[in-house]
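The residues making up each chain are set out below.
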Amino acid sequence: MVYKLLTPGPVQLPKEVVNAIARQPLFHRSKEFRELLENVLEKLRKVYNATPVIAPGTGTLAVDMAIYNFVNPGDIVVAIVHGEFGNRMAQTAESRGAKVYKLETKLYPPPPDVVEDYALRLRNVKAIIAVHNETSTGVVNRYLDKLQKVAQNIGAVLIVDSVSAIPVEPINCKIDVIATATHKAFMAPPGGAIVYLNTEPKPRTPVPLSMDLKRFLEHLSRIDTPYTPPINVLYGLNASLDIILSMGLTNYQQLHRERAGFLYSSIKLRSVAEGVHRSNTVAAFYTDKASEIIERLRNQGYIIAGGLGELKGKIIRIGVMGDISMEDLRKVVDTVNMFVV
Ligand SMILES: Cc1ncc(COP(=O)(O)O)c(C=O)c1O
């Protein structure tokens, strides 16, 4: 059976991307590799205008790198937590030795003025950390621009986990640090951790070599990498960025809004997120038949995801990223609706 991925990632790859990765790796100290790297970096800057760094790793590594390079032991950190991935960010900051204060809400992120009040009461906050798209519930934080202003007002750095959002969920301002990865909305294979920087890392205590952004930046100034890069992932990313950029970023975003909008309007289950909070990459719905729906779709060749943590067995999550069609979504909707009485 050949399965199609409608998961929160990794996603179904376009055939151009599959063809691009199916080749021998280049030697990473060669002129040819530098050309590839330069191309990919330039395209990443077209997607979001900041300094991109790529390291071998997944989304978790990108988030860890972002936090370890901008948070120091003893720093006061405000962690905005409204789901599993917010909790993981807080855990990373704790492992770095920061004093982490969680601003925890049930489903939706708190409004920026609440974050500002909370941070002002704590005093001397060095970082605010937040998830752009909470993949565990399909909830988007649409306050990033205002959060960046809050961070600026209080002299803190804003670190955003956009692993399942950028470039589908737009970011229309200069966020200090964004962590993402190749295998979700970028439509490339897993293996590339991406950190976009609008500010320079100045860690006061050492960062493990594999995560040291200063080293990466030093090498990138010569179009080079400190260690072996994820070479075949970069082939794939180069091809997927071509697809995204030739379609145009706004059209690419609109395509996902249409796909997600179709699910929200056609599936006869209550969606976890409502209104503006709804994600355009992952749509989540409450059901007490999650495992039956997932199994039935699997038998039809479609892989979707269930809930994480407390939501296990209570929701289904359908990813709309990657090489999928409206026809696929129509089939998924029909099957899910068969379980609704
Ligand atoms: C918002 C978010 N952050 C971080 C991660 C971790 O990424 P990875 O599993 O690639 O390490 C994920 C993965 O689903 C995610 O959705």
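Residues numbered from 1 in each chain as written. Predicted model: local features only at pLDDT ≥ 70, side-chain atom pairs only at ≥ 80, totals over all residues.

Draft legend 1. Spatial organisation of the overall build of the chain. Within the chain, the regular secondary structure consists of eleven helices and 14 strands. Here the chain, with 341 residues, has 49% of them falling under the buried criterion. Long-range pairs, those at least 24 residues apart, make up 70% of the contacts in the chain between residues at least 6 apart in sequence. (Helix = DSSP H or I, 4+ residues; strand = E, 2+ residues; numbered from the N terminus. Buried ≥ 20, exposed ≤ 12 C-beta atoms within 10 Å, placed from the backbone. Contact = placed C-beta atoms within 7 Å.)

Draft legend 2. Molecular detail of the nonpolar core. Ranked by internal contacts, the top residues of the largest apolar core, which has 108 residues, are A79, I128, I129 and V195. It is helix α8 (residues 231-247) that contributes the most residues to this core, eight residues altogether. (Core = buried A, V, L, I, M, F, W, Y, C linked by C-beta atoms within 7 Å.)

Draft legend 3. The arrangement of the sheet that holds strand β14 (residues 315-319) in detail. Read across the sheet, three strands follow the order β11-β14-β13 without closing on themselves; strand pairing throughout is antiparallel. The strands lining the two open edges of the sheet, one partner per strand, are β11 (282-286) and β13 (305-306). Pairing of β11 with β14, which is carried by five bridges, proceeds in the antiparallel orientation. Bridge pairing links A283 to I318 in β14. Against the sheet, helix α10 (residues 290-299) touches β13 and β14, its axis set at about 35° to β14. (Pairing = 2+ DSSP bridges. Axes fitted to C-alpha atoms, helices over the stretch in contact; angles between N-to-C directions.)

Draft legend 4. Representation of the site of the ligand within the structure. Neighbouring the ligand are 14 residues; T58, G59, T60, T135 and V163 lie closest to it. By residue number, the principal contributor to the shell around the ligand is helix α3 (residues 59-70), which donates three residues. Grouping the constituent residues of the shell around the ligand by class yields six nonpolar, seven polar and one charged. (Near = placed C-beta within 6 Å. Nonpolar A, V, L, I, M, F, W, Y, C, P; charged D, E, K, R; others polar.)

Draft legend 5. Spotlight on the sheet that holds strand β3 (residues 76-81). Sheet architecture is open: seven strands sit in the order β2-β10-β9-β8-β5-β3-β4, paired in mixed fashion. Only two strands of the sheet have a single partner each, and these edge strands are β2 (51-56) and β4 (99-104). Across the sheet, the mean angle separating the axes of adjacent strands is 20° when strand polarity is ignored. Taken together, the six bridges between β3 and β4 define a ladder with parallel strand orientation. Opposite V78, over in β4, you have Y101 as the bridge partner. The strands touched by α3 within the sheet are β2, β5 (125-131), β8 (157-161), β9 (177-181) and β10 (192-197), with β9 carrying the most contacts at an inclination of about 160°.

Draft legend 6. Examining the pairing of β8 more closely. Counting buried positions along β8 gives five out of five residues, so the element sits mostly inside the fold. Both β5 and β8 contribute to a ladder of five bridges, which runs parallel. Bridge pairing in β8 places I129 opposite I159. For β8 and β9, the ladder comprises three bridges, and the chain directions are parallel. Of the residues in β9, the one forming a bridge with D161 is A179.

Draft legend 7. Spatial organisation of the domain arrangement of the chain. Here the chain is described as being made up of domain 1 (4-11 + 248-338) and domain 2 (22-244). The straight-line distance from the C-alpha centre of domain 1 to that of domain 2 is 25 Å. If you look at the interface, domain 1 gives 25 residues, while domain 2 gives 24 residues. Contributing elements (two or more residues each) for the side of domain 1 that touches domain 2: α9 (249-266) and β11. A per-element tally of the side of domain 1 that touches domain 2 places α9 first, with four residues. Among the residues making up the side of domain 1 that touches domain 2, the classes are represented as 14 nonpolar, nine polar and two charged. (Domains from an automatic or database assignment.)

Draft legend 8. Expanded view of the packing of helix α2 (residues 31-47) against α8. One way to put it is that α2 packs onto α8 with a least axis distance of 10 Å and a crossing angle of 40°. Looking at the two axes, α2 sits oblique to α8. Where α2 crosses over α8, the two elements pack in a sense that is left-handed. Taken together, the residues of α8 that come into contact with α2 (itself represented by F33, L36, L37, N39, V40, K43, L44, K46 and V47) are I231, L234, L237, N238, L241, I244 and L245. For the contact of α2 with α8, the per-class residue count stands at twelve nonpolar, two polar and two charged. (Parallel < 35°, antiparallel > 145°, perpendicular 65-115°, else oblique. Left-handed = near helix turned anticlockwise from the far one by under 90°.)

Draft legend 9. Just unusual backbone geometry, in detail. In the segment running from G9 into P10, the intervening peptide bond is cis, with an omega of 0°. Relative to the helices and strands, P10 is located in the loop between β1 (4-5) and α1 (15-21). In this structure, the amide linkage connecting I166 to the following residue, P167, adopts the cis form with an omega of 5°. Secondary-structure assignment places P167 in the loop between β8 and β9. Residue R123 is not a glycine yet carries a positive backbone phi of 65°. With respect to the secondary-structure elements, R123 resides in the loop between α5 (112-122) and β5. On the basis of neighbour count, R123 is assigned to the exposed category, with 8 C-beta atoms found within 10 Å.

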